[in-house]
Amino acid sequence: KKVLLWDPKGIIGTFLKLPFKKFNKNPINDVFNEVDFVVDISGVVFVEKRGFLYLIYNSLITLIPYYYKKKIIKLPQAFGPIDSYYYLKVAKFVLNKCGLIFSRGRSSSETLKKLEINYFESTDIGFFNDAKKTSFLNQNAKIIALSPSVIVSKKFENQELSYIEFLNKLIHNLITNNFEI
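For the structure given in this document, a descriptive report is provided here.

About the criteria used
Residues numbered from 1 in each chain as written. Predicted model: local features only at pLDDT ≥ 70, side-chain atom pairs only at ≥ 80, totals over all residues. Heavy atoms only, no water. Helix = DSSP H or I, 4+ residues; strand = E, 2+ residues; numbered from the N terminus. Buried < 20%, exposed > 50% of the residue type's maximum accessible area, 1.4 Å probe, protein only. Contact = heavy atoms within 4.5 Å. Areas by Shrake-Rupley, 256 points an atom, 1.4 Å probe, with all protein chains shown as cover. Phe/Tyr/Trp six-rings, centres within 6.5 Å; stacked < 30°, edge-to-face > 60°. Arc of directions from axis to C-beta. Pairing = 2+ DSSP bridges. Axes fitted to C-alpha atoms, helices over the stretch in contact; angles between N-to-C directions. Salt bridge = Lys/Arg side-chain N within 4 Å of Asp/Glu carboxyl O.

1. Section: the overall build of the protein
Stage number 1. Within the protein, the regular secondary structure consists of seven helices and six strands.
Stage number 2. Listing the helices and strands of the protein from first to last along the sequence gives α-α-β-β-α-β-β-α-β-α-β-α-α.
Stage number 3. Sorting the 181 residues of the protein into buried and exposed places 31% on the buried side.
Stage number 4. Pairs at least 24 apart in sequence give 65% of the contacts found in the protein among residues at least 6 apart.
Stage number 5. Accessible area of the protein: about 12800 Å², with a carbon and sulfur share of 58%.

Okay, structure coming up:
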């Protein structure tokens, strides 16, 4: 098995070398020639507030594997928000190159709907790691996945109950009622 750690410099470097890929001994070429598909588990994708450089970066993450004719599965933490015309057009063009797209939350789903992109709803992949250790495969299992959020924690800033206290109580109540978390 080959593992490719592909950092932003590597992505930009690969893009600049694409016209010469037949002559390039870059290990990225070897990997793309051996794989059938690419799974992108990026952080946030196509967030307009991050600026133009991230638009380029997010585009290249998808367009380079597409150039190599690889199937692309997108499972980032979040999509958007996107408001401007050019950002919407670029994001829609790029995301239409993906074979499968998974949305991990309501705001991401709203962004994908706005872009008229087909997607499947999913949980955070971090929860899949322990799935085989639990009764996850048991049809009768009661499972809840919690994903603490900085955004939600800000909603608790001026409340009597802190976000941490809320999560502690929620987890305690779920465990008491035989849920697996």
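2. Section: the packing of aromatic side chains
Given two aromatic rings, one states the distance between the centres and the angle between the planes to describe the pair.
Stage number 1. Summed over the entire model, instances satisfying the criterion amount to five aromatic pairs.
Stage number 2. When the ring of Y67 is compared with that of Y68, the centres are 5.7 Å apart and the planes differ by 85 degrees; the resulting orientation is edge-to-face.
Stage number 3. For Y67, a relative accessible area of 36% corresponds to the partly exposed category.
Stage number 4. Each ring, one from F102 and one from F120, has its centre 5.9 Å from the other, and the planes form 40 degrees; the classification is tilted. You can see F102 sitting in strand β5 (residues 100-103) and its partner F120 sitting in strand β6 (residues 120-121), a full 18 residues away along the chain.
Stage number 5. The class of F102 is partly exposed, set by a relative accessible area of 21%.
Stage number 6. Take F120: its relative accessible area is 48%, and that puts it in the partly exposed class.

3. A word on helix α5 (residues 106-114)
Stage number 1. Residues of α5 that are buried: S108, S109, T111 and L112. Viewed end-on, α5 has its buried residues packed into an arc of 160 degrees, placing them on one side of the element. Of the residues in α5, the exposed ones pointing more than 90 degrees away from the buried face are R106, S107 and K113.
Stage number 2. Buried residues along α5 sit in contact with β4 (78-79), α4 (85-95), β5 and β6.

4. Details of the sheet that holds β6
Stage number 1. Reading across from one edge, β1-β3-β5-β6 is the order of the four strands in this open sheet, with parallel pairing throughout. Taken across any chain shown, the strands that pair with only one partner, and hence form the sheet edges, are β1 (37-40) and β6.
Stage number 2. Examined bridge by bridge, β1 and strand β3 (residues 71-74) share four bridges and lie parallel to one another. Its bridge partner lying in β3, V38 is registered against I72.
Stage number 3. Relative to β3, helix α3 (residues 52-67) is tilted by about 150 degrees, and along the sheet it contacts β1 and β3.

5. Topic: the pairing of β5
Stage number 1. In β5, alternate side chains face the same way, and those of I101 and S103 are buried while those of L100 and F102 on the opposite face are not.
Stage number 2. Pairing of β3 with β5, which is carried by two bridges, proceeds in the parallel orientation. The residue bridging K74 from the neighbouring strand is I101, located in β5.
Stage number 3. In the sheet, β5 pairs with β6 via two bridges, with the strands oriented parallel.

6. Structural notes on the pattern of salt bridges
Stage number 1. Scanning the entire structure with this criterion turns up four salt bridges.
Stage number 2. A salt bridge links K114 to D83; the nearest nitrogen and oxygen atoms lie 3.2 Å apart. Here K114 is found in helix α5, whereas its partner D83 is found in the loop between β4 and α4, with 31 residues between them in sequence.
Stage number 3. Look at K114 and you get partly exposed, because its relative accessible area is 45%.
Stage number 4. In this structure, the salt-bridge partner of K92 is E116, at a minimum N-O distance of 2.9 Å. One end of the pair, K92, is in helix α4; the other, E116, is in the loop between α5 and β6, with 24 residues separating them in the sequence.
Stage number 5. E116 sits in the exposed class, given a relative accessible area of 60%.

Without other data, these values stay purely geometric and don't point to any function.
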